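# Summary of the model geometry
Spelled out from the first residue to the last, the chains are:
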Amino acid sequence: MKIIRDYIENGSAADTIEVVAANYIGEHIIKITFSDGIEKSVDFKSFLVKSLHPSISKYLNEVLFSQFTINNGNLNWNDYDLIFPIHDLYEGEIN
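Described below are features of the structure shown in this document. Along each chain, the written sequence defines residue order, and numbers are assigned to residues from 1. For a predicted model such as this one, the threshold for reporting local features is a pLDDT of at least 70, and the threshold for listing and counting side-chain atom pairs is 80 or more; totals across whole chains, interfaces and linings nevertheless cover every residue. Working from all heavy atoms in the structure, the side-chain values ignore hydrogens and water.

## A look at the pattern of salt bridges
As a reminder of what qualifies: One side-chain nitrogen of Lys or Arg within 4 Å of one carboxyl oxygen of Asp or Glu is enough to make a salt bridge. The helix count covers DSSP runs of H or I at least four residues long, the strand count covers runs of E at least two residues long, and both are numbered beginning at the N terminus.
Per the counting criterion, the structure on display carries two salt bridges. Here Lys-58 ties to Asp-81 by a salt bridge, and the two come within 2.9 Å at their closest N and O atoms. Of this pair, Lys-58 sits in the loop between helix H2 (54-57) and helix H3 (62-65) while Asp-81 sits in the loop between strand S7 (74-77) and strand S8 (82-83), placing them 23 residues apart in sequence.

Written out as structure tokens, the structure is:
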């Protein structure tokens, strides 16, 4: 799921925002670089702790959580077992 900015900045066309790099920092925090150069450190732990669903809460295991990939501009865990909207990642808040 990619986001497209819904406004025009400096008279240019809307940009598609994608994840271009991501590094696991530790304690369920990932530093994400987006295609427009913006970098965010996103803390996923509170989301994972709040989840009652075992397919999500299993990612409290840091080894499993750290095994994400970037597919088509998205962070992806285990073939779309876990994925987040780009907009949320870009805002730096996972709910």
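## Some remarks on the pairing of strand S5 (residues 39-43)
We count it as follows: A pair of strands counts as paired when DSSP detects no fewer than two bridges linking them.
Here five bridges tie strand S4 (residues 29-34) to S5, and the two strands are oriented antiparallel to one another. Within S5, the position partnered with Lys-31 by the bridge is Ser-41. Between S4 and S5, which pair antiparallel and follow one another directly, the connecting turn spans four residues, one of which, Gly-37, has a positive phi of 90°.

## Looking at unusual backbone geometry
Its identity as a non-glycine residue notwithstanding, His-28 has a phi of 65°, on the positive side. At Asp-79, a position not held by glycine, the phi torsion is positive, near 55°. Mapped onto the elements, Asp-79 comes out in the loop between S7 and S8.

## Some points on the pairing of S4
In the sheet, strand S3 (residues 19-26) pairs with S4 via six bridges, with the strands oriented antiparallel. Within the sheet, the bridge partner assigned to Ala-21 lies in S4 and is Thr-33. The antiparallel pairing of S3 with S4 creates a hairpin that spans two residues between the two strands, and Glu-27 there sits at a positive phi of about 50°.

## A look at the sheet that holds S5
For clarity, the cut-off: Only C-alpha atoms enter the line fits that serve as axes; for helices the fit covers just the stretch in contact. Angles between N-to-C directions range over 0 to 180 degrees.
As summarised here, the arrangement of the three strands in space is S3-S4-S5, forming an open sheet in which the pairing is antiparallel. In the strand order of this sheet, the two ends are held by S3 and S5, each with one partner. Geometrically, the sheet is characterised by an average inter-axis angle of 25° between neighbouring strands, direction not taken into account.

Interpretation in functional terms is not warranted from these geometric data alone.
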